[in-house]
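# A look at the structure
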Amino acid sequence: MSYKISIIEGDGIGHEIVPAALKVLEHTGLSFEWDFVLAGEKAVEEYQTPVPDSTIESILSNKLALKGPLTNLVARGWPSPNVMLRKNLGLFAAVKRARYFEGVGSPFKNADLVVVREAKEDTYAGAEQQVGSDAAIAIKFITKENSLNVANFTFDLARRLGRKKVSITHKANVLKLTDGIFLKSAQEAAKNYPDIECDSLMIDHMAFKLVNDSLDCDVILAPNVYGDILADLIAGICGSLGLGFGGNFGPEAAVFEPVHGTAPTIAGQGIANPIGEILSGAMLLSYIGEEQAAKTIENAVASVLKKGEFLTGDLGGTASTNDITDAIIREMK
Ligand code: ATP
């Protein structure tokens, strides 16, 4: 059987890390058919839109995609390609993961964190308006229906991953209506999952506890904006933004991608860390039931990081993207 997967190389370091991830996936021995499609800067050049219909059609047909980071083109007058993908594909939940690996300079030796970020609403829906010449407003839009969906998704995910607890984060003491709906909906959903412990923490308290390593948490459920910030935070806690990995989920498709962005300052130099992209590929494999292959990749990554011979600059080494990718492939047994 061959898996057909839509591939978006993306922008910046995407051109280096996506080919690296495909090389690793091919080395699992599974059979893949890559369906290369465009989004971001290249799509604007070729189709005059950040996400052409052909890309959406490909992903809806394959139901699976692996993507690199995309340049946010809002400053150039285009809609954000990531927001377009989420809207057009109905991706309502973004899962961001990061874990501690031996050999990586992080004091958080027990970290294995999962953040589920609501992905459709909140101020990131992009409803902004100028008020006079020197002021502007952004609308924070939160619905019970979507909050319940993402909460149910989170508790199901916690069960599937064998996690014990979901911590809801919010700021409902200030944003009583919007974050209030999110919190109440998540607490309502929790009642249907008596096997999973559930608590709630204010976002500022959550941030403090995360960097203080005093957070006893498995899975964090967050509204869109807080979840975006926490995703980078958990990757940083685990030693590098280059190590965070994840996926976006909707009823019709799942799109896997690393936590970091396009890193334009290092793009084109062949020095980007491909591990976030590679682990996103492993997460895709696990999602389609290829647990063994996913584990093989994760173990190979762990082994390369532990040995420390081929580390990229963000991890304190001098290895190139190709060096670390080849080292991971050599460890895949
Ligand atoms: P964008 O505008 O797309 O968000 P950015 O550079 O502002 O790009 P990130 O791409 O998330 O934000 O990265 C911030 C910094 O973290 C980068 O400049 C780079 O130094 C480092 N970084 C991120 N990802 C990687 C990676 N995969 N390998 C090495 N360094 C990385």
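All figures in this text were calculated on a predicted structure; none of them were measured in a lab.

Parameters and conventions
- Residues numbered from 1 in each chain as written.
- Predicted model: local features only at pLDDT ≥ 70, side-chain atom pairs only at ≥ 80, totals over all residues.
- Heavy atoms only, no water.
- Helix = DSSP H or I, 4+ residues; strand = E, 2+ residues; numbered from the N terminus.
- Rg over C-alpha atoms; globule rule 2.2 N^0.38 Å.
- Contact = heavy atoms within 4.5 Å.
- Areas by Shrake-Rupley, 256 points an atom, 1.4 Å probe, with all protein chains shown as cover.
- Lys, Arg positive; Asp, Glu negative; His and termini not counted.
- Charge placed at Lys NZ, Arg CZ, Asp CG, Glu CD.
- Core = buried A, V, L, I, M, F, W, Y, C linked by side-chain atoms within 4.5 Å.
- Buried < 20%, exposed > 50% of the residue type's maximum accessible area, 1.4 Å probe, protein only.
- Pairing = 2+ DSSP bridges.
- Axes fitted to C-alpha atoms, helices over the stretch in contact; angles between N-to-C directions.
- Near = heavy atom within 4 Å.
- Polar contact = N/O pair within 3.5 Å; in protein donor to acceptor, adjacent residues only side chain to side chain.
- Nonpolar A, V, L, I, M, F, W, Y, C, P; charged D, E, K, R; others polar.
- Phe/Tyr/Trp six-rings, centres within 6.5 Å; stacked < 30°, edge-to-face > 60°.
- Parallel < 35°, antiparallel > 145°, perpendicular 65-115°, else oblique.
- Left-handed = near helix turned anticlockwise from the far one by under 90°.
- Salt bridge = Lys/Arg side-chain N within 4 Å of Asp/Glu carboxyl O.

## Here's the deal with the overall build of the protein chain
Check the secondary structure of the protein chain and you find 11 helices and 12 strands. Taking 2.2 N^0.38 as the reference for a compact globule, 333 residues should give roughly 20 Å; the C-alpha atoms of the protein chain span a radius of gyration of 19 Å, in line with that estimate. Counting only C-alpha atoms, the protein chain reaches 55 × 45 × 40 Å along its principal axes. For the protein chain, restricting intrachain contacts to residue pairs at least 6 apart in sequence, the fraction spanning at least 24 positions comes to 74%. Split by element, the accessible area of the protein chain, about 14,600 Å² in all, is 52% carbon and sulfur. Each charge sign in the protein chain was given a centre, from 31 positive and 42 negative side chains, and these centres are 5 Å apart.

## Considering unusual backbone geometry
One non-glycine residue, Gln48, lies in the positive phi region at around 55°. Relative to the helices and strands, Gln48 resides in the loop between helix H2 (41-47) and helix H3 (53-62).

## Observations concerning the nonpolar core
Val116, Leu221, Ile297, Val301, Leu305 and Ile328 are the most contacted members of the largest nonpolar core, which totals 64 residues. With sequence-adjacent residues up to four places away left out, Ile297 is seen in contact with Val24, Leu25, Thr28, Ile278, Ala282, Leu285 and Met332.

## Quick word on the sheet that holds strand E11 (residues 245-249)
Spatially, 10 strands are ordered E2-E1-E3-E12-E11-E4-E5-E10-E8-E9 in an open sheet, and the strand pairing comes out mixed. The sheet is open, and its two edges are formed by strand E2 (31-37) and strand E9 (197-202), each paired on a single side. Within this sheet the neighbouring strands show an average axis-to-axis angle of 25°, counted without direction. For strand E8 (residues 165-170) and E9, the ladder comprises six bridges, and the chain directions are parallel.

## Structural notes on the site of the ligand
Taken together, 13 residues sit near the ligand, with Gly261, Thr262, Ala263, Thr265 and Asn273 positioned nearest. A distance of 2.8 Å is found between an oxygen atom of the ligand and a backbone nitrogen or oxygen belonging to Ala263. The contact in question runs from an oxygen atom of the ligand to an N or O atom on the side chain of Thr265, over 3.3 Å. Notes on the ligand: free accessible area 600 Å², of which the protein chains cover 63%. Of the residues in the shell around the ligand, the class split is six nonpolar, six polar and one charged.

## Section: the packing of aromatic side chains
Counted under the stated rule, the structure contains eight aromatic pairs. Centre to centre, the rings of Phe249 and Phe256 are 5.5 Å apart; their planes meet at 90°, and the pair counts as edge-to-face. Exposure class is identical for Phe249 and Phe256. Each is buried. An aromatic cluster is built from Phe92, Phe153, Phe249, Phe256 and Tyr287, whose rings are joined through pairwise contacts.

## Quick notes on the environment of Ala20
Secondary-structure assignment places Ala20 in helix H1 (residues 14-26). Its relative accessible area of 7% is what places Ala20 among the buried residues. Sequence separation between Ala20 and Asp218 is 198 residues; the distance between their C-alpha atoms is 30 Å. If sequence neighbours within four positions are ignored, Ala20 has contacts with Pro274, Thr321 and Thr325.

## Quick word on the packing of helix H5 (residues 144-160) against helix H6 (residues 178-190)
Relative orientation of the contacting elements H5 and H6 amounts to 45°, with a least axis distance of 8 Å. Judged on the interaxial angle alone, H6 and H5 are oblique. Of the two possible hands of crossing, H5 and H6 adopt the one that is right-handed. Between H5 and H6, the residues in contact are Lys144, Ser147, Leu148, Val150, Ala151, Asn152 and Phe155 and Ile181, Phe182, Ser185, Ala186, Glu188, Ala189 and Ala190, respectively. Partitioning the contact of H5 with H6 into residue classes produces nine nonpolar, three polar and two charged.

## Things to note about the pattern of salt bridges
For the structure shown, the criterion picks out 17 salt bridges. In the salt-bridge network here, residues are joined through shared partners; they are Arg97, Asp112, Arg163 and Asp218.

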